[in-house]
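Spelled out from the first residue to the last, the chains are:
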Amino acid sequence: MLSSLALVLLVTLAASDAMKDPESLQSEMFPPIHPNCTQSLTDYILLRQEVQLSKMAAAEEVRTQLTRENLQVLTQVRDALSQVSETLTQRNQVNGNSVVETRRTCDPPFTPVGASCLLLSLGQKEDWASARQFCVGKGADLAHFSDAAGYAAILDYINKINSQNDMVDVWLGGTDEALEGTWLWVTGELMPRGTPFWGSSDGYEAAPDGGRSQNCAGLYKRDQYYMHDFRCNGSAAPLCQK
Ligand SMILES: [Ca+2]
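The following refers to the structure shown.

Cut-offs applied
- Sequence order sets the numbering: in each chain, residues are counted from 1 along the sequence as written.
- A pLDDT threshold of at least 70 governs which residues receive local features in this predicted model, and a stricter bar of 80 or more applies before side-chain atom pairs are shown or counted, although totals over entire chains, interfaces and linings include all residues.
- Just so you know, side-chain values use all the structure's heavy atoms and leave hydrogens and water out.
- The criterion is simple. A nonpolar core is a set of buried Ala, Val, Leu, Ile, Met, Phe, Trp, Tyr and Cys residues joined through side-chain atoms within 4.5 Å.
- Summary of the burial criterion: residues with accessible area below 20% of their type's maximum are buried, those above 50% are exposed, and those between are partly exposed, where the area comes from a 1.4 Å probe applied to protein chains only.
- Put simply, DSSP marks the helices as runs of H or I at least four residues long and the strands as runs of E at least two long, and each gets a number from the N terminus on.
- Here, two residues are considered to be in contact whenever any of their heavy atoms come within 4.5 Å of each other.
- The donor set comprises N, O and S atoms within 2.8 Å of the metal, extended to 3.2 Å for Na, K and Ca; water molecules are omitted, so apparent gaps in a site may simply reflect that omission.
- Two cysteine sulfurs form what is called a disulfide whenever their separation falls within 2.5 Å.

### A short note on the nonpolar core
Reasoning step 1: With 26 residues, the main nonpolar core has Ile158, Leu219, Met227 and Leu239 as its most contacted residues.
Reasoning step 2: Those elements giving two or more residues to this core turn out to be β2 (116-120), α5 (148-161), β4 (170-175), β6 (216-220) and β8 (237-241).
Reasoning step 3: Ranked by residues supplied to this core, first place goes to α5 with 5 residues.
Reasoning step 4: Residues in contact with Leu239, not counting those within four places in the same chain, are Leu119, Leu120, Cys135, Asp141, Leu142, Ala143, Ile154, Tyr157, Ile158, Val170, Trp171 and Leu172.
Reasoning step 5: By size, the runner-up hydrophobic cluster in this structure holds 14 residues, among which are Ala131, Cys135, Trp171 and Cys240.

### Digging into the coordination of the calcium ion
Reasoning step 1: For the calcium ion, every protein donor is listed as Asp176 (OD), Asp176 (OD), Glu180 (OE), Glu180 (OE), Gly211 (O), Gln214 (O) and Asn215 (OD1), and the spread of their distances is 2.4 to 2.9 Å.
Reasoning step 2: Counting residues between consecutive donors of the calcium ion along the chain gives the motif D-x3-E-x30-G-x2-Q-N.

### Points about the environment of Trp183
Reasoning step 1: With respect to the helices, strands and loops of the structure, Trp183 is situated in the loop between β4 and β5 (184-185).
Reasoning step 2: In this structure Trp183 comes out as buried when scored by relative accessible area, which is 2%.
Reasoning step 3: When the C-alpha positions of Trp183 and Asp229 are compared, they lie 9.8 Å apart, and in sequence the two are 46 residues distant.

### Focus on the state of the cysteines
Reasoning step 1: Per the counting criterion, the structure on display carries 3 disulfides.
Reasoning step 2: Each sulfur in the disulfide pair Cys135 and Cys240 lies 2.0 Å from the other. With the S-S dihedral at roughly -80 degrees, the linkage between Cys135 and Cys240 falls on the left-handed side. In this pair, Cys135 sits in helix α4 (residues 128-137) while Cys240 sits in strand β8, placing the two residues 105 residues apart along the sequence.
Reasoning step 3: On the basis of relative accessible area, Cys135 is assigned to the buried category, the value being 0%.
Reasoning step 4: Since its relative accessible area comes to 0%, Cys240 is described here as buried.
Reasoning step 5: Disulfide partner of Cys216: Cys232, at an S-S distance of 2.0 Å. Taking the sign of the S-S torsion, about 100 degrees here, the bridge from Cys216 to Cys232 comes out right-handed. Residue Cys216 is located in strand β6, and its partner Cys232 is located in the loop between β7 (226-230) and β8; the two are separated by 16 residues in the primary sequence.
Reasoning step 6: Residue classification places Cys216 among the buried positions, given a relative accessible area of 1%.
Reasoning step 7: Taken N- to C-terminal, the disulfide-bonded cysteines of the protein chain are connected 1-2, 3-6, 4-5.

Laid out in structure tokens, this is it:
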């Protein structure tokens, strides 16, 4: 008897849940913010958006504050650097030194490139020794560089001079004539090796790869002016530097 009563009670409760009206379901899913307030769903969503917007505004304020602080730090760094520069200038003046110009002035037809003056004689095609002689006659020598920045500056200059994109290779002041495999600049310094300086022949073996038959360094137009070892009696345009 007792178990029958419990069964009836359970069935009644289940039926009352299933028959809940949509409004009471909605108020369960989106309860009003205030118990005495009967908000519509739209009001509730608007209120949520308002809260979200005020959070975003607070975050924006934090970001603005950070930007202001960064600007302050950068201004301090700039002021400190100008102060150091001013002090150095004053010291140089006290010691009677003139401030060294970083940019060279070059007599035409040489062009200032970084700390040196360059001349690419594009219409002139001769062997390596003659090209070197041509540069020496101009008070210069065939060009050399020690790092990627120097190489990039030279490439930039060559591409400006060769704006017509002529298929002209360019001689550099580098050779392994004295000792096969030991590449030296005309200054006696070791030439840089590997990338990004030396190219490869038709995408195969990396230059320099010509052995005893190729002992002079140049920039190979067909390989985007990467460095290659050429036969010294080949023809290319002299790139002079002083
Ligand atoms: Ca060689």
